[in-house]
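# Structural features, examined
If you want the building blocks of each chain, they are given just below.
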Amino acid sequence: MLVFNNYLVDKIDFSLNQNLEQGAIYKIKPLYSRNIEEKDGKYYVKLTFKLVSDTEEELPIHLFVSIIGVFTLTDEENKEQLINYDSVMIMFPYLRAIVSTITSSANIPNILLPTINMAAVMKDQEKKEL
């Protein structure tokens, strides 16, 4: 069984691009990544989010968020699935809330990431990397 012990915000990088047109519509694409480290029987899962343009256009904001979840396993059964995929599914709502809070607090249109299956996103990215 996977136990979610805690999470912390590793990094937030946010800036406004003052030179862009107000009220314009931009096509954005979220990029996600994951990194896992094991230390002293704990798994540290870093989940990152970066906002990029879906076109060649420059975006009105720069946004990067990284959070680290701390997990332990009570047994080794299904270890790969639990650490590589279930952990990011547990962490995604926290990342989603942080992105929403940052953008709404900046007094710009709120970015609310859709609820997605992060395990499927990670598996899809792994296939593309092969």
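As a reminder, the structure under discussion sits directly above these lines.
Let me sum up the structure you'll find in this document. (Residues numbered from 1 in each chain as written. Predicted model: local features only at pLDDT ≥ 70, side-chain atom pairs only at ≥ 80, totals over all residues. Heavy atoms only, no water.)

### Quick word on the pattern of salt bridges
Condition: Note on definitions: salt bridges are taken to be side-chain nitrogens of Lys or Arg within 4 Å of carboxyl oxygens of Asp or Glu. Numbered from the N terminus, helices here are DSSP runs of H or I no shorter than four residues, and strands are runs of E no shorter than two. Here's how the labels work: a residue is buried when its accessible area is under 20% of the maximum for its type, exposed when over 50%, partly exposed in between, all with a 1.4 Å probe on protein chains only.
Going through the model one piece at a time under the given rule, you end up with 3 salt bridges. Note that Asp10 is salt-bridged to Lys46, the shortest N-O span being 3.3 Å. With a gap of 36 residues between them, Asp10 in strand 1 (residues 2-16) and Lys46 in strand 3 (residues 42-53) connect regions that are remote in the sequence. Overall, Asp10 belongs to the partly exposed group, its relative accessible area being 36%. Owing to a relative accessible area of 29%, Lys46 belongs among the partly exposed residues under this scheme.

### Digging into the side chain of Ser87
Note the following rule: Within 3.5 Å is the distance limit for a polar contact, defined as a pair of N or O atoms, with the added protein rule that one can donate a hydrogen and the other accept it, and that residues adjacent in sequence qualify only through two side-chain atoms. Should any heavy atoms of two residues lie within 4.5 Å, those residues are considered in contact.
Turning to its location among the elements, Ser87 is positioned in helix 1 (residues 79-105). A relative accessible area of 0% places Ser87 in the buried class. A polar side-chain atom of Ser87 sits 2.5 Å from the main-chain carbonyl oxygen of Ile83. Once you skip the residues sitting within four places of it in the chain, Ser87 turns out to touch Leu2, Val45, Phe71 and Leu82.

### Overview of the sheet that holds strand 4 (residues 61-73)
What counts here: At least two bridges found by DSSP between two strands is the condition for calling them paired. To get an axis, a line is fitted to the C-alpha atoms, and for a helix only the part in contact is used. The angle between two axes follows their N-to-C directions and goes from 0 to 180 degrees.
In spatial order, the strands read 1-4-3-2; together these 4 strands make up an open sheet with antiparallel pairing. With one partner strand each, in any of the chains shown, strand 1 and strand 2 (28-39) form the two edges of the open sheet. Ignoring which end each strand starts from, the neighbouring axes of this sheet average 15° apart. Both strand 1 and strand 4 contribute to a ladder of 13 bridges, which runs antiparallel. Bridge assignment links Leu8 to a residue of strand 4, and that residue is Ile68. Across the sheet, helix 1 touches strand 1, strand 2, strand 3 and strand 4, and the angle it forms with strand 4 is around 140°. Where helix 2 (residues 118-129) meets the sheet, it contacts strand 2 and strand 3, and its direction lies at approximately 90° from that of strand 2.

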